[in-house]
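# Fold and geometry: a report
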Amino acid sequence: MKLIKEQIQFIDAFLIKNKVIYVDIRQEMLDHIALALEEKMEVENQDFYDAFKGFMEQHKKEILRNNKTIRGSYWVAFRKFSLFLLKPYMLVFGGVLFLFFKDINFNPYFKDISFHQSITLIILAIAFFQFFYFYIYLKKRFYSIEKNGCVLPIIYFAHLSILTYFTRENVTGYAFSIIIFLLFGYIIFFINEIVKFNKHRFNYI
């Protein structure tokens, strides 16, 4: 027995009222609750509200406790991004970057604005876009995107470490390919997260 849109919205409103503020976490919980209620309604021949009341009497504390546990972990976001970089197509992309740029000296291209400044501006632009898209345009909070923001400072300090090794005055193809791989990897990862976010957003509410 499939839940209708109004019933899905009822569950969503309940989760919002109980401070499940992140849309993606709420959708995962909504999926779990909806499937459980559909099974309960069919097996026990209950209407939606009786099934919902009985389910929440048993599982409400567990659901809300899981919400707090998930929200507290930044390591999950970093691990997710790291695993994304290890996907076959990302490794191929990194290999192509390395082969294409390995013999190029980028010094002549960064006379007016340093490589360090340009990378810093790109990172700030990504952070600003994330803030604008979700907080200003959608006016929704998305856990994966917010927590993925912790990856940007890591990329920033990684690029400083790489430039220190190669020296900022001698930006080699090796340094360029590593930094661009991290930046474009994050951008592709971010786009994938937005696509998943929008699929959830339009499928349910």
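Up top you'll find the structure we're talking about.
Description of the structure in this document. (Residues numbered from 1 in each chain as written. Predicted model: local features only at pLDDT ≥ 70, side-chain atom pairs only at ≥ 80, totals over all residues. Heavy atoms only, no water.)

Here the focus is the overall build of the protein chain. When helices and strands are tallied, the protein chain shows nine helices and zero strands. Across the protein chain, helices and strands are ordered from the amino to the carboxyl terminus as α-α-α-α-α-α-α-α-α. Classification of the 205 residues of the protein chain by burial places 41% in the buried group. Sequence-distant contacts, at least 24 apart, represent 76% of the contacts inside the protein chain between residues at least 6 apart. (Helix = DSSP H or I, 4+ residues; strand = E, 2+ residues; numbered from the N terminus. Buried < 20%, exposed > 50% of the residue type's maximum accessible area, 1.4 Å probe, protein only. Contact = heavy atoms within 4.5 Å.)

Roughly 170 Å³ of volume is contained in the second largest pocket. Put simply, the parts of the chain that give the lining of the second largest pocket at least two residues each are helix 2 (23–43) and helix 3 (48–71). Counting residues per element, the lining of the second largest pocket draws most heavily on helix 3, at six residues. Taken together, the residues of the lining of the second largest pocket sort by class into six nonpolar, three polar and two charged. (1 Å grid on protein atoms, 1.4 Å probe; cavity = no way out; pocket = protein on both sides within 12 Å on 5 of 7 lines; lining within 4 Å. Points joined across faces, edges and corners; volume = space filled by probe spheres on them. Nonpolar A, V, L, I, M, F, W, Y, C, P; charged D, E, K, R; others polar.)

Turning to helix 4 (residues 75–85), a few remarks are in order. Within helix 4 the residues assigned to the buried category are Ala77, Phe81, Phe84 and Leu85. Along the long axis of helix 4, the arc covered by the buried residues comes to 100°, so they all point the same way. (Arc of directions from axis to C-beta.)

On to unusual backbone geometry. In the Ramachandran plot, Lys19 falls in the positive-phi region, its phi being about 65° despite a non-glycine side chain. Of note, Lys19 is situated in the loop between helix 1 (5–17) and helix 2. For Lys19, a relative accessible area of 61% gives the class exposed. Positive phi values are uncommon outside glycine, yet Asn45 reaches one of about 55°.

Within the fold, Glu42 resides in helix 2. Linking Glu42 and Lys2, residues 40 residues apart in sequence, is a C-alpha distance of 9.4 Å.

A full pass over the atoms with the stated rule returns two salt bridges. Across the pair Arg26 and Asp12 runs a salt bridge, and its minimum N-O distance is 2.8 Å. Taken together, the residues span a long stretch of sequence, with Arg26 in helix 2 and Asp12 in helix 1 at a distance of 14 residues. With a relative accessible area of 9%, Arg26 lands in the buried category. Between Glu44 and Lys40 there is a salt bridge, with the nearest N and O atoms lying 3.4 Å from each other. Using a relative accessible area of 42% as the deciding quantity, one classes Glu44 as partly exposed. Using a relative accessible area of 15% as the deciding quantity, one classes Lys40 as buried. (Salt bridge = Lys/Arg side-chain N within 4 Å of Asp/Glu carboxyl O.)

Taking 1.5 Å per residue, 14 residues should reach 20 Å; helix 5 (residues 88–101) reaches 20 Å between its end C-alpha atoms and fits that length. The complete set of buried residues in helix 5 reads Met90, Gly94, Leu97 and Phe101. Buried residues along helix 5 cover an arc of 60° about the axis, so they all sit on one side. Summarising the geometry of helix 5, the exposed residues directed more than 90 degrees from the buried face are Pro88, Val92, Val96, Leu99 and Phe100. (Expected span 1.5 Å × (residues − 1).)

On to the nonpolar core. Counting residues in hydrophobic clusters, the biggest one holds 30 residues, and the most contacted among them are Phe81, Phe134, Ile155, Leu183 and Tyr186. Of all the secondary structure elements, the ones that give two or more residues to this core are helix 4, helix 5, helix 6 (115–138), helix 8 (151–166) and helix 9 (173–204). Broken down by element, this core gets its largest block of residues, eleven residues, from helix 9. In this view, Leu183 contacts Ile119, Ile122, Ile123, Ile126 and Ile155; residues no more than four positions away in its chain are not counted. (Core = buried A, V, L, I, M, F, W, Y, C linked by side-chain atoms within 4.5 Å.)

Note that every value here comes from positions in space, so none of it alone points to a role or purpose.
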